[in-house]
Amino acid sequence: MANILERYGIKEVADVTFYDINSDGTRGAAVLYLDTLKVSTIEQTAEEAEARGGKGNPPLIIWDYGKEITVTLEDALFSAKSLAIMFGDSTLSSATKITKTITFKGKTVPTNIELPGGKVVAVPDDAKVYDAKGVEKGTKKTLADSTASTTLTAGETYFLVSELAVDGQEIEISANSFPGTYYVTGDTYARSEVTGKDEFFQFIIQKAKVQSENTITLEAEGDPSVFNMNLRVMRPSDGKMMKLVKYSITGATEDAQV
């Protein structure tokens, strides 16, 4: 039985795991693990109805209803899987090609495209050149040096559009795809007021719907972008929307060699 005088503090962010939900409502396979969160917040709200009367019209009886539990996760990093879950497509496919556009000035079409990390890639022969008005001037192959000298103008800016072969992952976000519903757990620590030691603390959500609103901020200055994932807790069949568990592992010892 819990000691009602024991008190704890919670500060540390949680490590959160997402699981698929089986057809019978039980926890399925793990699909996402987040251990780089900056913030993990649980908020409970509800609405009230009240009966008032008597002198001063004070509240006499209050009814609570419409309970809502929301979880906000703010991640410092992202993975292809976390983006897929955030934006509503839990599947990943292989990316084989991208379009890369660079600008250049004058009559010489670049032969290489500079990439991050000091790498370069050769411009494909079928890369197309456009002027500032969007008029196609030819391809890299057709604009040989002699042709370019008569087709392109010195000092003018041109756009070189290339299709590059890549080895990557692709997430398709369609108009009718939305984030799914998952079984979610979060592990953190609760610190004892008496001993000053951390003890295990976990929240368990049997049914959490990932919300569709997402923002990724890309800016030249300021802090790096964070990746927000907002969850709305739903009522499972047993009615237990969330469980909060402070625990110790049975049989665990402080000897790391055991």
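When helices and strands are counted, the protein shows 2 helices and 15 strands. In terms of overall dimensions, the protein is more spread out than a globule: its C-alpha atoms have a radius of gyration of 28 Å, far above the 18 Å expected for 258 residues. Along the three orthogonal principal directions, the C-alpha set of the protein runs to about 90 × 65 × 40 Å. Taking all 258 residues of the protein together, 26% fall into the buried category.

Right, let's talk about the nonpolar core for a bit. In this structure, V16, F18, L73, V184, I205, M229 and L231 are the most contacted members of the largest nonpolar core, which totals 24 residues. Ignoring sequence-local partners within four residues, the contact set of V184 consists of V16, T17, F18, F203, I204, I205, A208 and L231.

A few words now on the packing of aromatic side chains. By the definition in use, this model includes 6 aromatic pairs. Taken together, a centroid distance of 5.9 Å and an interplanar angle of 85 degrees make the contact between Y19 and Y183 edge-to-face. Pair noted here: Y19 is in strand β2 (residues 15-21) and Y183 is in strand β12 (residues 181-192), with a separation of 164 residues, a long-range link. A connected cluster of aromatic rings, assembled from ring pairs, spans Y189, F200 and Y247.

About the criteria used
- Residues numbered from 1 in each chain as written.
- Predicted model: local features only at pLDDT ≥ 70, side-chain atom pairs only at ≥ 80, totals over all residues.
- Heavy atoms only, no water.
- Helix = DSSP H or I, 4+ residues; strand = E, 2+ residues; numbered from the N terminus.
- Rg over C-alpha atoms; globule rule 2.2 N^0.38 Å.
- Buried < 20%, exposed > 50% of the residue type's maximum accessible area, 1.4 Å probe, protein only.
- Core = buried A, V, L, I, M, F, W, Y, C linked by side-chain atoms within 4.5 Å.
- Contact = heavy atoms within 4.5 Å.
- Phe/Tyr/Trp six-rings, centres within 6.5 Å; stacked < 30°, edge-to-face > 60°.

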